[in-house]
Amino acid sequence: MSTNVLPLTAYNFYLNGEWRKSKSGKTINITSPYLNEVIGKVQGITTEEVDEAIYYAHEAQKIWAETSLQERAKFLYKWADQLVNMQDEIAEIIMKEVGKSIKDAKNEVVRTADLIRYTVDEALHMHGESMRGDSFPGGSKSKVAIIERVPLGVVLAIPPFNYPVNLAAAKLAPALISGNAVIFKPATQGAISGIKMIEALHKADFPAGIVNIVTGRGSDIGDYLVEHAGINMISFTGGTNTGIRLAKKAAMIPLVLELGGKDPGIVREDADLHEASKHIISGAFSYSGQRCTAIKRVLVHERVADELVAILKKKIEKLPVGSPEEGNTVVPLIDNRSADFVQGLIDDAIEKGATLVIGNKRDHNLIYPTLLDHVTEDMVVAWEEPFGPVLPVIRVSSDEEAIAIANQSEFGLQASVFTKDINKAFTIANKIETGSVQINGRTERGPDHFPFIGVKGSGMGAQGIRKSLESMTREKVTVLNLAE
Ligand code: NAP
Ligand code: G3P
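Residues numbered from 1 in each chain as written. Chains lettered and ligands numbered in written order. Predicted model: local features only at pLDDT ≥ 70, side-chain atom pairs only at ≥ 80, totals over all residues. Heavy atoms only, no water.

What follows is about the overall build of the protein chain. Each helix and strand in the protein chain was counted, giving 14 helices and 27 strands. Across its three principal directions, the C-alpha atoms of the protein chain cover 75 × 65 × 35 Å. In the protein chain, buried positions account for 58% of the 484 residues. Accessible surface, the protein chain as shown: approximately 19,600 Å² in total, 52% of it carbon and sulfur. (Helix = DSSP H or I, 4+ residues; strand = E, 2+ residues; numbered from the N terminus. Buried < 20%, exposed > 50% of the residue type's maximum accessible area, 1.4 Å probe, protein only. Areas by Shrake-Rupley, 256 points an atom, 1.4 Å probe, with all protein chains shown as cover.)

Written out as structure tokens, the structure is:
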């Protein structure tokens, strides 16, 4: 992989089918988390430019909504094809911009093309329903209700940094095929990747105004976008605090929020520890744990804890650590502030008596994979989302204790249960307050057509292709009163 840094480009934002420099004259430097060099700049746009983008989105959406599903499908299929054509270029930018290994970055682009195609196929096979009046007491046979789904208008799509293409397209694709227009506000660290994704969309000749990418810090334009009267739906993925702020400011419009997580890996006494540890290591340390669905704590039965910790330690010793250009699993975190936060969690745990099994080593924003044993509930790392490569092990004496600790969390995204007893697995799964439970597998969002749900502090509403199509449309009822 070339180590030449991308030429320092000031990337324009995309409004009504045109690439533009902002009238603000402001740009935001994007610094690579591992090259520690500015790899490009994006525009810090003005609120007037936000207004303009939303205006053109509404104008374009009126026509787009009248376009046939088959016609809209053609544009999205072409977009997917263009992404595949650009996958090497986009993957390199994802790697340089968010520090994701080149292999994971390429997988993200291909996964996104697959997601777009599947979304189109799903939409093409979503049909409404009809109802007869006489199925209700006193209802008339001559009343027929025709129920179909219609677009909401202009969708505001706000993804996080860690999947700058896949989590953006997971919002754009269902919005677009359903007849909506989109205002896309990428994470700032990830905005160049988002712009490249829109370049692929531009090459698919989408009508002007249907998709607009508005760049600028969330702290600058986020509230203005969220509160804007021209926004008809918001699909947000990001931190819980940001999501709560957004939900309080949004008007009476549909929201889908996919937020933070503290997914537990529950290891029962009868679990196959080698199998479980494979999933735990991958779940906790892939992309340095910068996944909402990362396994962020282990709740293990005390009778097998020593053995599990020993196995985990051996696997962690072998984890490749370093630059994403060499395909490492544990890579520098997105920025120093994040690394400081993770280091703080480690320091707090050790100060309070946790056993450092391995790790607690740092090189700038690279934190080495860290395993903490004998973690207790007074330690912050037992509850906070690190979004980094630190895994606390909490020892429990029963399934009930594991369930209680899991449910005490403010989060409720996913959980993993490792056991040979399928009945016990379902008993635990039924009691865990999360959107999803993985039995004998790591916590993860994929495959992308599965419903993906966060409850409590992990979100509101559901993603996953079919659920996203439903959340970006509404039902419309037309009642036919036939002549008696
Ligand atoms: P973040 O700091 O909350 O930012 C998420 C997005 O919100 C970014 O595009 C950000 O833009 C934008 N934003 C910031 N302030 C805003 C405001 N006032 N109004 C509107 N938008 C605003 O999260 P992150 O650091 O990118 O991602 C990490 C977090 O996201 C973790 O907590 C992780 O668990 C969560 N996450 C959840 C899922 C899921 O599916 N549940 C998936 C991935 C990540 P700027 O970048 O310009 O600030
Ligand atoms: O944090 C991003 C979230 O969507 C995780 O995706 O597929 O890595 O579990 P995945």
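Still more to cover.
This brings us to the pairing of strand β13 (residues 263-267). Taken across its five residues, β13 has five buried, putting it largely inside the fold. Burial of the side chains of β13 extends over both faces: Asp263, Gly265 and Val267 are buried on one face and Pro264 and Ile266 on the other. As judged from the five bridges shared by β13 and strand β14 (residues 295-301), these two strands associate in the parallel manner. The residue of β14 that forms the bridge with Pro264 is Arg297. In terms of handedness, the path from β13 via helix α9 (residues 273-285) over to β14 forms a crossover that is right-handed. (Pairing = 2+ DSSP bridges. Right-handed = clockwise from strand over helix to strand, strands pointing away.)

This brings us to the site of ligand 2. If you check the shell around ligand 2, you find Arg111, Asn162, Tyr163, Leu167, Arg291, Cys292, Thr293, Glu444, Arg445 and Gly446 and nothing else. Interatomic distance of 2.8 Å between a side-chain N/O atom of Asn162 and an oxygen atom of ligand 2. Between ligand 2 and Arg291 there is a distance of 2.8 Å, counted from an oxygen atom to a side-chain nitrogen or oxygen. About the coverage of ligand 2: the protein hides 97% of its 310 Å² of free accessible area. (Near = heavy atom within 4 Å. Polar contact = N/O pair within 3.5 Å; in protein donor to acceptor, adjacent residues only side chain to side chain.)

Looking now at the pairing of strand β7 (residues 143-151). Direction of pairing for strand β6 (residues 129-132) relative to β7: antiparallel, over a ladder of four bridges. Counterpart to Ser130 in the pairing with β7 is Ile146. Examined bridge by bridge, β7 and strand β27 (residues 473-481) share nine bridges and lie antiparallel to one another. Directly across from Arg149, in β27, lies its bridge partner Glu475.

The three strands are arranged β6-β7-β27 in an open sheet whose pairing can be described as antiparallel. With partners counted over all chains shown, the strands left at the sheet margins are β6 and β27, one partner each. Across the sheet, the axes of successive neighbouring strands diverge by a mean angle of 25 degrees, strand direction being ignored. (Axes fitted to C-alpha atoms, helices over the stretch in contact; angles between N-to-C directions.)

The next thing to look at is the nonpolar core. Ranked by internal contacts, the top residues of the largest apolar core, which has 95 residues, are Trp79, Leu172, Leu176, Ile183, Met197, Phe206 and Ile234. If you tally residues by element for this core, the top one is helix α4 (residues 102-124), at nine residues. Taken domain by domain, this core gets at least three of its residues from each of domain 1 (9-259 + 460-476) and domain 2 (264-447). Beyond its immediate stretch of four places on either side in the chain, Phe206 contacts Trp64, Phe75, Leu76, Trp79, Leu176 and Leu201. Ranked by size, the runner-up nonpolar core spans 27 residues in total, among them Ala305, Val309, Ile316 and Val393. (Core = buried A, V, L, I, M, F, W, Y, C linked by side-chain atoms within 4.5 Å. Domains from an automatic or database assignment. Contact = heavy atoms within 4.5 Å.)

The next point concerns a nonpolar patch on the surface. The grouping of Ile146, Leu480 and Leu482 at the surface amounts to a nonpolar patch, some 220 Å² of accessible area in total. Inspection of the secondary structure assignment puts Leu480 in strand β27. Its relative accessible area of 41% is what places Leu480 among the partly exposed residues. (Patch = residues over 30% accessible without salt bridge, like charges linked within 9 Å, V, L, I, M, F, W, Y side chains within 5 Å. Salt bridge = Lys/Arg side-chain N within 4 Å of Asp/Glu carboxyl O.)

For the bond running from Gly446 to Pro447, omega is -5 degrees, close enough to zero to count as cis. Tracing the chain through its elements places Pro447 in the loop between β22 (436-439) and β23 (452-453). Despite not being glycine, Asp205 has its phi angle at roughly 60 degrees, a positive value. On the secondary structure map, Asp205 appears in the loop between α6 (191-203) and β10 (211-213). In this structure, Tyr287 takes a positive phi of about 50 degrees despite not being glycine. Looking at where Tyr287 falls in the secondary structure, it is placed in the loop between α9 and β14. Here Tyr287 falls in the buried class, since its relative accessible area comes to 4%.

This part covers the site of ligand 1. Close contacts around ligand 1 come from 29 residues, with Lys185, Thr188, Thr242, Leu259 and Glu385 the closest. Between ligand 1 and the protein, one listed contact pairs an oxygen atom with a backbone N or O atom of Ala187 at 3.3 Å. In this structure, Gly218 approaches ligand 1 through a main-chain N or O atom, which is 2.8 Å from an oxygen atom. Protein chains bury 85% of the 900 Å² of accessible surface belonging to ligand 1 in isolation. Elements supplying a minimum of two residues to the shell around ligand 1: α7 (218-227), β11 (233-237) and α8 (240-249). It is α7 that contributes the most residues to the shell around ligand 1, four residues altogether. Of the residues belonging to the shell around ligand 1, the class tally is 13 nonpolar, ten polar and six charged. (Nonpolar A, V, L, I, M, F, W, Y, C, P; charged D, E, K, R; others polar.)

Turning next to helix α1 (residues 47-66). Taking 1.5 Å of rise per residue, 20 residues should cover 28 Å, and α1 covers 29 Å from first to last C-alpha, within 8% of that figure. Largest kink in α1: about 30 degrees, centred on Ala60. Among the residues of α1, Glu49, Val50, Ala53, Ile54, Ala57, Ala60, Gln61 and Trp64 are the ones counted as buried. (Expected span 1.5 Å × (residues − 1). Bend = angle between axes of the 7 residues up to and from the residue.)

Turning to its location among the elements, Ser323 is positioned in the loop between α10 (302-317) and α11 (336-351). As a C-alpha pair, Ser323 and Ser101 span 222 residues in sequence and 7.7 Å in three-dimensional space. If we skip the residues at most four places from it in the chain, Ser323 touches Tyr34, Asn328 and Val331. A polar side-chain atom of Ser323 sits 2.9 Å from the main-chain amide nitrogen of Glu325.

For the protein chain, the domain assignment lists domain 1 (9-259 + 460-476) and domain 2 (264-447). A straight line from the C-alpha centre of domain 1 to that of domain 2 covers 31 Å. At the boundary of domain 1 with domain 2, total buried surface from both sides reaches about 1,600 Å², with 57% on carbon and sulfur atoms. Considering only the side of domain 1, the residues that lose the most area to domain 2 are Pro33, Tyr34 and Phe161, jointly responsible for 28% of the buried surface there. (Buried area = accessible area lost by both parts, 1.4 Å probe.)

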